[in-house]
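Inside the fold
Here are the chains, one letter per residue:
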Amino acid sequence: MSETDRISGKLRWSKLYTFSCLRPNVLETDGLHSLQGPGFSRVVYCNQPRVHRKKPLKYPSNYISTTKYNIITFLPKAIFEQFRRVANLYFLMAAILSLTPVAPFSAVSMIAPLAFVVGLSMAKEALEDWRRFMQDMKVNSRKVSIHKGDGTFGYKPWQKIRVGDVVKVEKDQFFPADLLLLSSSYDDGICYVETMNLDGETNLKVKRSLEVTLPLDGDVAFKDFTGKIRCEDPNPNLYTFVGNLEYDRQVYALDTNQILLRDSKLRNTAYVYGVVIFTGHDSKVMQNSTKSPSKRSTIERKMDYIIYFLFTLLVLISLISSIGFAVKTKFEMPEWWYLQPQNTTDLYDPTRPGLSGIFHLVTALILYGYLIPISLYVSIEVVKVLQATFINQDLHMYDEETGNPAQARTSNLNEELGQVDTILSDKTGTLTCNQMDFLKCSIAGVSYGVGSSEVEIAAKKQMAFDLSGHNSEIYSASMQNSRAQDSLENSGSDFGKSEIELETVITSKDEKYQKPMIKGFSFVDRRLMDGNWLKDPNVDAILLFFRILALCHTAIPEPNEETGSFNYEAESPDEGAFLVAAREFGFEFCGRTQTKVFIRERYPSSGHPVEREFKILSLLDFSSKRKRMSVIVQDEGGQILLLCKGADSIIFDRLSKNGRMHEESTSRHLNEYAEAGLRTLAFAYRKLEESEYSVWNSEFIKAKTTIGPDREAMLEHVSDMIEKDLILVGATAVEDKLQKGVPQCIDKLAQAGLKIWVLTGDKMETAINIGFSCSLLRQGMKQICITTVNTDLLAQDAKKAVKENVLMQLTNASQMINLEKDPHAAFALVIDGKTLSYALEEDMKHQFLSLAVNCASVICCRVSPKQKAMVTRLVKEGSGKTTLAIGDGANDVGMIQEADIGVGISGVEGMQAVMASDFSIAQFRFLERLLVVHGHWCYKRIAQMICYFFYKNIVFGLTLFYFEAYTGFSGQSVYDDWFMLLFNVILTSLPVISLGVFEQDVSSEVCLQFPALYQQGQRNMFFDWYRIFGWMANGLYSSLIIFFFNLNIFYDQAFRSEGQTADMAAVGATMFTCIIWAVNFQIAFTMSHFTWIQHLFVWGSICTWYIFLLLYGMSSPIISRNAFQILVEALAPAPIYWLVTLLVTIACNVPYLAYLSFQRSFNPMDHHIIQEIKYYKKDVEDQHMWKRECSKARQETKIGFTARVDAKIRQLRGKLQKKYPSLGVQNVIPPS
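The name given to the protein in an unreviewed UniProt entry is Phospholipid-transporting ATPase, with the source organism recorded as Tetracentron sinense. Among the UniProt annotations of the protein, the heading Subcellular location (unreviewed entry) holds the following wording: "Membrane". As recorded by UniProt, the Cofactor (unreviewed entry) comment attached to the protein reads in full: "Mg(2+)".

So, about a nonpolar patch on the surface. Taken together, the side chains of Tyr 305, Tyr 308, Phe 309, Trp 1025 and Phe 1029 present a nonpolar region at the surface, about 520 Å² in accessible area. At the level of secondary structure, the elements contributing two or more residues to the nonpolar patch comprise helix H7 (298-331) and helix H33 (1025-1050). The leading source of residues in the nonpolar patch is H7, at three residues.

Moving on: the packing of aromatic side chains. Following the criterion strictly, the structure yields 58 aromatic pairs and no others. Consider the rings of Trp 130 and Phe 133, whose centres lie 5.2 Å apart with planes at 35 degrees: the pair is tilted. Within this pair, Trp 130 and its partner Phe 133 are both found in helix H4 (residues 107-140), separated by three residues, close to a single helical turn. Ring geometry for Phe 222 against Phe 225: centres 5.7 Å apart, planes inclined by 90 degrees, an arrangement best described as edge-to-face. Given a relative accessible area of 0%, Phe 222 falls into the buried group. The class of Phe 225 is buried, set by a relative accessible area of 4%. Of the aromatic side chains, those joined through ring pairs into one cluster are Phe 438, Phe 521, Phe 523, Trp 533, Phe 545, Phe 546, Phe 578, Phe 585, Phe 587 and Phe 683. Taking NZ or CZ as reference, Arg 142 lies 5.0 Å from the ring centre of Trp 158, over its face. Here the guanidinium or amino end of Lys 168 rests over the ring plane of Tyr 271, the centre of that ring lying 5.0 Å away.

Before going further, it helps to examine the side chain of Ser 994. Relative to the helices and strands, Ser 994 is located in helix H30 (residues 989-998). Using a relative accessible area of 1% as the deciding quantity, one classes Ser 994 as buried.

Once that is clear, we can look at the nonpolar core. Residues Tyr 975, Phe 1023, Phe 1055 and Trp 1105 are the most contacted members of the largest nonpolar core, which totals 115 residues. Among the elements that take part in this core, helix H28 (residues 926-966) stands out by supplying 18 residues, more than any other. Those residues in contact with Trp 1105, other than ones at most four positions away along the chain, are Phe 979, Leu 987, Ala 1069, Phe 1072, Thr 1073, Ile 1076 and Tyr 1137. Membership of the second largest hydrophobic core comes to 62 residues, among which are Leu 738, Ile 770, Ile 886 and Met 1185.

Adjacent strands of a sheet pair through backbone hydrogen bonds, lying either parallel or antiparallel. Overall, antiparallel pairing links the four strands, which are arranged S1-S8-S9-S10 in an open sheet. Edge positions in the sheet fall to strand S1 (42-46) and strand S10 (250-254), since each has one partner strand and no second. Ignoring which end each strand starts from, the neighbouring axes of this sheet average 20 degrees apart. Across five bridges, the pairing between S1 and strand S8 (residues 227-231) is antiparallel. By the bridge assignment for S8, Val 44 is matched with Ile 229.

What counts, and at which threshold
Counting of residues starts from 1 at the beginning of each chain's written sequence and follows it residue by residue. Local features in this predicted model are restricted to residues of pLDDT 70 or higher, and side-chain atom pairs are both shown and tallied only at a pLDDT of 80 or more, whereas totals for entire chains, interfaces and linings draw on every residue. With hydrogens and water excluded, all non-hydrogen atoms of the structure serve as input to the side-chain values. UniProt positions are given in the numbering used here, feature names are shortened, and annotations may be inferred rather than shown by experiment. Think of a patch as exposed residues, more than 30% relative accessible area, with no salt bridge, where like charges cluster within 9 Å and nonpolar side chains (Val, Leu, Ile, Met, Phe, Trp, Tyr) cluster within 5 Å. Areas reported as accessible are Shrake-Rupley estimates using a 1.4 Å probe. Residue values count occlusion only from the protein chains shown. Any carboxyl oxygen of Asp or Glu within 4 Å of a side-chain nitrogen of Lys or Arg constitutes a salt bridge here. Helix numbering and strand numbering both begin at the N terminus, where a helix is a DSSP run of H or I of at least 4 residues and a strand a DSSP run of E of at least 2. For Phe, Tyr and Trp, rings pair up if their centres lie within 6.5 Å, where Trp contributes its six-membered ring, and each pair is then called stacked (planes under 30 degrees apart), edge-to-face (over 60) or tilted (otherwise). In this scheme, a residue with accessible area under 20% of its type's maximum is buried, one over 50% is exposed, and one in between is partly exposed, where area comes from a 1.4 Å probe on protein chains only. Two conditions define a charge located above a ring, namely a distance within 6 Å from the ring centre to NZ of Lys or CZ of Arg, and an angle within 35 degrees of the ring normal. Within this scheme, the nonpolar core is defined by two criteria: the residues are buried Ala, Val, Leu, Ile, Met, Phe, Trp, Tyr or Cys, and they are joined through side-chain atoms within 4.5 Å. In this analysis, two residues are considered to be in contact whenever any of their non-hydrogen atoms come within 4.5 Å of each other. Criterion used throughout: strands pair if DSSP finds at least two bridges between them. For helices, the fitted line uses only the C-alpha atoms of the stretch in contact; every axis is such a line through C-alpha atoms, and the angle between N-to-C directions lies from 0 to 180 degrees.

In structure tokens:
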């Protein structure tokens, strides 16, 4: 153990902590839990893991799995997945029928394609699940120190841990299972735990062991250790635990304070010992997870309905064909003497035409099966895998810091990325990077710090862009009125000081005064740095402010040998930032003992730092209920001070009359900091007389040592007695560092029409601060906070009263939104987890959803992982729109799996979210490109590809039907079997794959410049029924043109040079040539973006047809049959063959070209206009017009910094119009 660990290990934190660390000095016999009945049957024998492997206990191992399949279930489940597709079911039936004599094709030609399609899809599923398995193995193979016996410990993989094992977890390691804390490196069994993976909170939680297990503080102590734990059965509740420990012939009550949950991390503590209670899927974090769902995209589900329609069409024409055949068989076949009707089988029996018709129905169902394209699924699988490869290799989504690229973990949902309506995001680790930076402060009513937060910088850049080209007009107009000009220059209005300075990023002399980057400290202001504060008239207040920064905390200093300074192990990132700031201001926290804190104070006047000693008398620690923290210290002069920091609303309520001198100015600064998206705390102090403190301390000790349910209330009452009559010192503004590019990404997603919800386990205040940081909230937005009220009624009545109150709040909020008449008004809904549990109940959830969707942004705080999943399910099922959930921790797995699309952040805190996700990215900002670029492309590619696929198969399939009608419904195909086999496999497959992989209506840069293009996917504009039936109608038209043009031209027309007419083989080959030319020209007209690959595939497919026809005709007549030498001897020498091909190709594609011309001329879509601008290079020649078009194309939104800037512009326009009507502002500033 290091020197620091030994020192910190001697600190008995339970003497300091007031609320978190109660340890009674006597046995809590009254507090023992009654553990009888269902739900409380678990028994754990400590240090005896083998007992739990046998019946009746037989608890599961610590092995976890997030895969969809295993060796046993893969075959049945994967086959079930494949035959959920309606088309596959049809082809399975057709393959079975192909084994009968009624089949028009050989059995192999039907079974082989089906086996290939299903096998390929199953192989893809197996590969994706194998990747999940390998990531599971990484977690299962982590090592932890386990007691092997005789007081010796050794490392074993997590998966080998068993219930009852004693494990030793070291600093910064994750807990491998749910443990009962026995002891720690601290003398009194305290340890710090980070639960970010469970609830998203970065604040460290304090856990404590029972007094009786404190002697178990070394490896040897466990040689003869035994005990029995009786507790609750496995359940998903993270915040409760009920159990008893039977040890040394006594029974002790257990609660959540002694429980260390799997996937939490040990912080600020050298090591802990614990005994395993829940393992593997019994652990609470795994209980909160759900099974890997089987997800299908909206387009794939809609494809089923198209298949139903085509299958209905198939059955209809098959019925027509079979009825026609039955009629022909009964009435005309007896006259066809050359068929010898007297010797026919049941397939052609004039005496039983009904039976012959039924047999022919089966033949027709197989023959016309080309209407339902089996190769469509193979092509889609190939296209999606290639699309996923492009996503994986996109360098714009590669994170250089971590080396993590974007990864499409499943390719089934690529097109779903282009149809997302609502994003449900975690906060910690997803939007934020868990780093706090001290940025600004207010001391004695004076604001310090000229730096800008990320939100301010982003908003200023956007405003400068929006007002570019208009400022000159404003000022030229103002120059026409010198009085207005003078007023603008000299007035102290907000216009001159606040709005205009938003146009550009702050440039001041302090920008030159930049020190090297210091983690946690981004403060820039010469007035407080390098001792300059000593010249300030408020020097005493500034000194006190710095001392509060350095003294009011519970952190532990750790010497940094490299820098010669200290690192701080703090409970929260805020505390760490305060201590770094104090050090940079010259007040370095350098040491702590059980009762003292040491500060090195640097003053320019003295060459060496002065080390001051402060005695800690009492510490009133922070809690989410108190929203403040106080420390009572005695300085070297004997003066006792109470130093307090907390939420401004709490602190201001406790100020004395003479302590409110700077309240108004400080409040104004706090509002400005909040507008900039910063987290704020107020600082105050109070001087205490020694006699006053002694009287209070006796009451405090009495409350602190009280045992029973009244203890917390007594402590709160005693704290209130001393935390009053405070004097306000100032306030701090800390930037919760957002991940790089988060505000810009949210702004772009909002412009794309996406709604963004934040679901976090953090406190409401923290969640609201982050809402301001990333511009989901802004000043002027009306916040609707739905919370529960405390009630003194009995439990059953209290629940009913609370529920009624929540319902009333929801109703009132909905009415307020409905009555709002301001079109620019924006509402934000903020709700906590306790209230959410009522709002998600069956009779209230739809009202909650109705309110939420009418709000511009929604923030759910203090929510459990289960609630995240429930909210996601409610939005998905209630709205019927596509949802995307994004998170980085184990607490996000439920919502990631529940959403239509799950995105995991591959950050530093574990890989659980990534393992459960469909897509993984390294930073939240990459979501912009994943959706707005790849989502838009993939949706449009897949939609066009499927529509084209149905078009070409309708063209091909219906010509078979027409020909059969002309041949007495005989079941005869006009095409050679090899033509039919190669149509979908080779001759038309590569162009459609190139469409699905390479098509771009606009470039990636344009997608990002015009995010409103994304709404084409949200509105499903390329795969609605209008477009689908349009393509089908196009296919019907083309099939009629191809068949009847060919039939009428060749019917009695000389074909060969000798004057012979064309036979069936020649007509069939010519019709097939027309189909190949028509459908390939059609796909060429569909493409907006050509690469050499598309040219190769489209024109190469046409060439391949001629090459095949040549080689096939050259083969033996046994193989080629009627097609022997057909190209060389029959088709190529006949001019009519080439003329018909040209005529039919033109006739088939003219209507589509006419439709495109009409649409682009009279009803162009957004991408049509952009394509024309880019084609004529107007974006280069006329930059002003291009910027104007970009600005006009923005979706009007109420969140994001664009909305914040728009609100500022409206405010600016209103003020200018009101004060200077002669300037004509309405004509100068563009409407927002």
